[in-house]
Amino acid sequence: RALLAAERPPPAPPGTAHYVGIENCRACHQEAVAVWQQTPHAHAYRTIEDAGKEANLDCVGCHVTGYRQPGGSTAAHNEGLRDVQCEVCHGPGSRHAEARGHETEPRLVRAPEATVCLACHTPEHSDRFDFRAFRARVLGPGHGR
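For clarity, every value in this text was computed on a predicted model and none was experimentally measured. (Residues numbered from 1 in each chain as written. Predicted model: local features only at pLDDT ≥ 70, side-chain atom pairs only at ≥ 80, totals over all residues. Heavy atoms only, no water.)

J.: In this structure, what is going on with the overall build of the protein? I would like to understand it.
T.: Helix and strand content of the protein: 7 helices and 0 strands. Secondary structure elements of the protein occur, N-terminal to C-terminal, as α-α-α-α-α-α-α. C-alpha atoms of the protein, sized along the principal axes, occupy 45 × 40 × 25 Å. The burial tally for the protein puts 34% of its 145 residues in the buried class. (Helix = DSSP H or I, 4+ residues; strand = E, 2+ residues; numbered from the N terminus. Buried < 20%, exposed > 50% of the residue type's maximum accessible area, 1.4 Å probe, protein only.)

Here it is as structure tokens:
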């Protein structure tokens, strides 16, 4: 872990969104976050911690939000971005959060494509993944249903 401490996420370019974490989302989207908290994604980081793999570069990228993305996280710098949070599917939310309620509010991805999920749900790690079936498991009142 000490060897990874020097790696920082690249900064978001000026005028573009960066990752802010689920607590910022909760401010306006309490119902959606409550649904999400009941899914395995909400506890993804704990699974690699329990296995002692939170510094394993083959694992951490799928268990944190914004991994190696501009304004995101790294293996050693992921406070507030641990677990598979809203922004993994919906995109970095800083501009959306800052605009709260304004007519010109920047929109996030409303319905992510299967390719978002398939970045982590590969045959090697999730050999029974079926987008439609698994997507239904993360939907609920205020979160896509």
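We are not done yet, so read on.
J.: Mind showing me how you'd approach the state of the cysteines here?
T.: Within the structure shown, the criterion is met by 1 disulfide. Across the disulfide, Cys62 is cross-linked to Cys120 (sulfur-sulfur distance 2.4 Å). Its torsion about the S-S bond being -95°, the disulfide of Cys62 and Cys120 is classed as left-handed. Taken together, the residues span a long stretch of sequence, with Cys62 in the loop between helix H3 (44-50) and helix H4 (86-90) and Cys120 in the loop between helix H6 (114-118) and helix H7 (131-137) at a distance of 58 residues. (Disulfide = S-S within 2.5 Å.)

J.: Got a minute to help me understand the pattern of salt bridges in this structure?
T.: Pairing of side chains with opposite charge becomes possible as their charged atoms draw close. Summed over the entire model, instances satisfying the criterion amount to 3 salt bridges. Linking Arg68 and Glu7 is a salt bridge whose minimum nitrogen-to-oxygen distance equals 2.8 Å. Taken together, the residues span a long stretch of sequence, with Arg68 in the loop between H3 and H4 and Glu7 in the segment before helix H1 (22-26) at a distance of 61 residues. The partly exposed category is assigned to Arg68, whose relative accessible area is 40%. Since its relative accessible area comes to 25%, Glu7 is described here as partly exposed. One salt bridge in this structure joins Arg26 and Glu23, with 2.9 Å as the shortest N-O distance. Here Arg26 pairs with Glu23, and both are found in helix H1, just 3 residues apart, close to one helical turn. Assessed through its relative accessible area of 29%, Arg26 is described here as partly exposed. (Salt bridge = Lys/Arg side-chain N within 4 Å of Asp/Glu carboxyl O.)

J.: Help me out: how do you make sense of the packing of aromatic side chains in this one?
T.: Considering all chains together, one arrives at 1 aromatic pair under this definition. Of note, Arg137 hangs over the ring of Phe134, and the distance from its end group to the ring centre comes to 4.4 Å. (Phe/Tyr/Trp six-rings, centres within 6.5 Å; stacked < 30°, edge-to-face > 60°. Lys NZ or Arg CZ within 6 Å of the ring centre and 35° of its normal.)

J.: Which parts of the structure should I look at to understand unusual backbone geometry?
T.: Excluding glycine, residues mostly carry a negative phi; peptide bonds, for their part, are mostly trans. Phi is positive for Arg68, which is not a glycine, with a value near 55°. The phi torsion at Asp83 lies on the positive side, around 85°, for a residue other than glycine. Topologically, Asp83 is positioned in the loop between H3 and H4.

J.: What am I meant to see in the side chain of Thr74 here?
T.: The residue Thr74 is located in the loop between H3 and H4 in this model. Of the residues examined, Thr74 reaches a relative accessible area of 1% and is grouped as buried. Setting aside chain neighbours within four positions, we find Thr74 in contact with Glu7, Arg8, Pro9 and Tyr67. (Contact = heavy atoms within 4.5 Å.)

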